[in-house]
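Descriptive analysis of the structure
As a plain string of letters, each chain reads:
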Amino acid sequence: MTFQDFNFNEHLTEGVISMGFTTPTPVQEMAIPIILAGQDIIACAQTGTGKTGAYLLPVLEHIGKTGKHHTAALILAPTRELAQQIDQQVEGLAYFTGISSIAVFGGGDGSAYEQQRRGIQNNVNIIIATPGRLIAHLTSGVLKLNHLTHLILDEADRMLDMGFQDDIMKIISYLPKERQTLLFSATMPGRIRSLAKSVLINPASVSIAVSQPAVGIDQQIYRVHDAQKTPLLQMILKNGSYNSILIFCSRKEIVKSLARELKAARMNVSAFHSDLEQREREEILLSFKNKQLPVIIGTDALSRGIDVEGIDLVVNYDVPGDPEDYIHRIGRTARAETTGTAITFVNHRDEHKLKSIEQLIDKPIRLIAVPDELAGIQQVRHEPAANKRPQRRQWGNKNKPKSKP
Ligand code: AMP
């Protein structure tokens with residue numbers, strides 16, 4: 001199958017070509033005809049499968065046909081990073097169509113809010129929003145969605161995890177009843193099915209092999225003890241020919257201390273965590289995207305949103321607790337049918353987590369021996385500082401840490 005088979009208008013076809021899409025991905029092949037036919041859809045597809053194009057292309061085709069005078073589509077996404085990435089895909093695909101879009105999310109200063117307000121007042125065609133900020137614009141009366149024809153819930157499972165269910169239902173109460181609703185989710189727990197029942201009408205189901213990492217990922221594990229992790233990581237970073245690398249840790253304290261250690265070893269790395277200002281996070285992502293920054297260290301928050309081409313190595317410095325998070329983390333490499341490497345460090349405490357991951361992916365992950373040079377590093381009897389859980393303590397208001405949740 002090719003994109004020609006969908007018969008998109010010539011301007012949209014130009015956008016598809018300029019984005020370098022030649023063959024539809026499986027989720028695009030399955031979902032696009034159904035959405036073009038006007039049916040609601042519930043699709044189980046992870047980031048990295050081409051799911052964004054699967055809903056954007058038919059929606060852009062529809063807006064191209066029906067006119068560009070009002071806000072026709074609303075895309076709800078869990079994080080500002082994802083909202084921005086979706087907006088970038090809209091900009092690329094819609095470049096020759098004259099269809100406009102804006103990403104609406106919280107944070108930032110008053111001028112960002114003003115800019116969003118102006119975009120909304122100008123009847124931008126597609127709004128990509130995080131739920132909280134959209135409600136602010138809806139309740140202020142600036143945003144009217146009377147002509148909306150498409151509602152898309154992207155990463156719906158993540159939105160529910162983040163507690164957005166009530167906000168989503170409130171937003172839906174402002175929308176016309178007659179509309180097409182498309183729900184995309186990486187996982188399909190019962191809560192998502194109940195949400196689907198209440199917001200979709202007679203939906204078609206689309207599912208591509210759930211919870212399986214892309215075939216192009218070379219997955220490896222090292223069995224290590226904690227004291228070996230950082231020296232092994234340094235060895236991999238120095239000796240491997242990797243150019244664009246994501247390192248995942250289980251907590252932001254570990255992210256920060258590992259970044260300090262690697263910087264002390266003169267490595268060009270940045271730590272990405274919730275204590276940073278939005279501007280700082282955007283700068284880090286941009287320089288990573290532009291290939292000026294080769295290494296980002298972060299927690300799982302990083303694994304959901306980041307859509308950067310050419311990531312060739314993902315390192316799990318700690319094994320993620322939820323096997324689905326393993327899939328999300330390693331899915332940052334080998335995107336859209338390229339190849340990549342995913343390395344996981346497993347200490348004895350994390351063996352059971354590895355077992356759950358291997359059960360989920362239904363195969364053992366290749367074990368690589370720790371290099372001889374590191375074999376002599378002794379296990380420390382107590383955990384290194386970075387791996388210790390922070391002590392609970394009572395903070396008076398005055399001493400409250402600035403740290404965000
Ligand atoms: P997504 O799963 O929507 O986050 O898409 C993952 C990446 O694949 C994005 O960088 C898209 O630009 C890219 N992509 C989506 N569809 C295609 C396609 N048909 N051919 C090549 N790349 C694609």
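Above this text is the structure in question.
Residues numbered from 1 in each chain as written. Predicted model: local features only at pLDDT ≥ 70, side-chain atom pairs only at ≥ 80, totals over all residues. Heavy atoms only, no water.

1. Describing unusual backbone geometry
Positive phi, close to 55 degrees, is recorded for Asn123, a residue that is not glycine. In this structure, Asn123 sits in the loop between helix H5 (110-121) and strand E4 (126-129). With a phi angle near 45 degrees, Asn202 is a residue other than glycine that sits in the positive phi range. (Helix = DSSP H or I, 4+ residues; strand = E, 2+ residues; numbered from the N terminus.)

2. Observations regarding the pattern of salt bridges
Inspection of the entire model under this criterion finds 16 salt bridges. Salt-bridge contacts for Arg281 lead to Glu81; the nearest nitrogen and oxygen are separated by 3.6 Å. Of the two residues, Arg281 is situated in helix H12 (residues 278-289) and Glu81 in helix H4 (residues 80-93); the sequence distance between them amounts to 200 residues. Each member of the pair, Arg281 as well as Glu81, carries the same accessibility label: buried. In this structure, Lys252 engages Asp275 in a salt bridge whose closest nitrogen and oxygen atoms are separated by 3.1 Å. Linking Lys252 in helix H11 (residues 252-264) with Asp275 in the loop between strand E10 (269-272) and H12, this pair joins segments that are 23 residues apart in sequence. One continuous salt-bridge network, built from bridges that share partners, spans Asp226, Lys229, Asp318 and Arg349. (Salt bridge = Lys/Arg side-chain N within 4 Å of Asp/Glu carboxyl O. Buried < 20%, exposed > 50% of the residue type's maximum accessible area, 1.4 Å probe, protein only.)

3. Some details on the site of the ligand
Neighbouring the ligand are 17 residues; Thr23, Gln28, Gly48, Gly50 and Thr52 lie closest to it. At a separation of 3.3 Å, an oxygen atom of the ligand approaches a polar backbone atom of Lys51. Relative to its unbound accessible surface of 500 Å², the ligand loses 90% to contact with the protein. Split into classes, the residues belonging to the shell around the ligand amount to 4 nonpolar, 9 polar and 4 charged. In terms of domain composition, the shell around the ligand takes at least three residues from each of domain 1 (3-208) and domain 2 (217-387). (Near = heavy atom within 4 Å. Polar contact = N/O pair within 3.5 Å; in protein donor to acceptor, adjacent residues only side chain to side chain. Areas by Shrake-Rupley, 256 points an atom, 1.4 Å probe, with all protein chains shown as cover. Nonpolar A, V, L, I, M, F, W, Y, C, P; charged D, E, K, R; others polar. Domains from an automatic or database assignment.)

4. Observations concerning the nonpolar core
Taken as a class, soluble globular proteins show a tendency for nonpolar side chains to be buried jointly. Core analysis: the largest hydrophobic core is formed by 39 residues, its most contacted members being Ile41, Tyr55 and Ile126. By residue number, the principal contributor to this core is helix H3 (residues 51-66), which donates 7 residues. One finds Cys44, Val124, Ile135 and Ile171 within the second-largest nonpolar core, a separate group that totals 33 residues. (Core = buried A, V, L, I, M, F, W, Y, C linked by side-chain atoms within 4.5 Å.)

5. Section: the sheet that holds E4
Read from one edge to the other, the open sheet built from 7 strands follows the order E3-E4-E2-E5-E6-E1-E7, with strand pairing classed as parallel. Both edges of this open sheet fall to strand E3 (101-104) and strand E7 (204-207), since each of them pairs with a single strand only. Pairwise comparison of adjacent strand axes, ignoring direction, gives a mean angle of 15 degrees for this sheet. Bridge count for strand E2 (residues 73-76) against E4 is 4 bridges, and the pairing is parallel. What sits directly across from Leu76, in E4, is Ala129. Packing against the sheet, helix H2 (residues 26-36) makes contact with strand E1 (41-44), strand E6 (180-185) and E7, and its axis sits at approximately 165 degrees to E7. (Pairing = 2+ DSSP bridges. Axes fitted to C-alpha atoms, helices over the stretch in contact; angles between N-to-C directions. Contact = heavy atoms within 4.5 Å.)

6. Here we look at the pairing of E2
Across the two faces of E2 the burial is the same, with Ala73 and Ile75 and Leu74 and Leu76 all buried. Direction of pairing for E2 relative to strand E5 (residues 150-153): parallel, over a ladder of 4 bridges. Within the sheet, the bridge partner assigned to Ile75 lies in E5 and is Ile152.

7. Here's the deal with helix H6 (residues 131-139)
Every α-helix winds through 3.6 residues per turn, so residues three or four apart in the chain are directed the same way. Taken together, the buried positions of H6 are Pro131, Arg133, Leu134, Ile135, His137 and Leu138. Buried-residue contacts for H6 involve E2, E3, H5, E4, helix H7 (156-161) and helix H8 (165-173). Of the residues flanking the end of H6, it is Gly141, one or two places downstream, whose phi is positive at about 85 degrees.

8. A word on the side chain of Thr230
One can find Thr230 in helix H10 (residues 226-239). Given a relative accessible area of 8%, Thr230 falls into the buried group. Side-chain polar atoms of Thr230 contact the side chain of Tyr317, separated by 2.6 Å. Each residue touching Thr230, except ones within four places of it in the same chain, is listed here: Leu258, Glu261, Leu262 and Tyr317.

Keep in mind that these numbers describe shape and distance, not what the molecule does.
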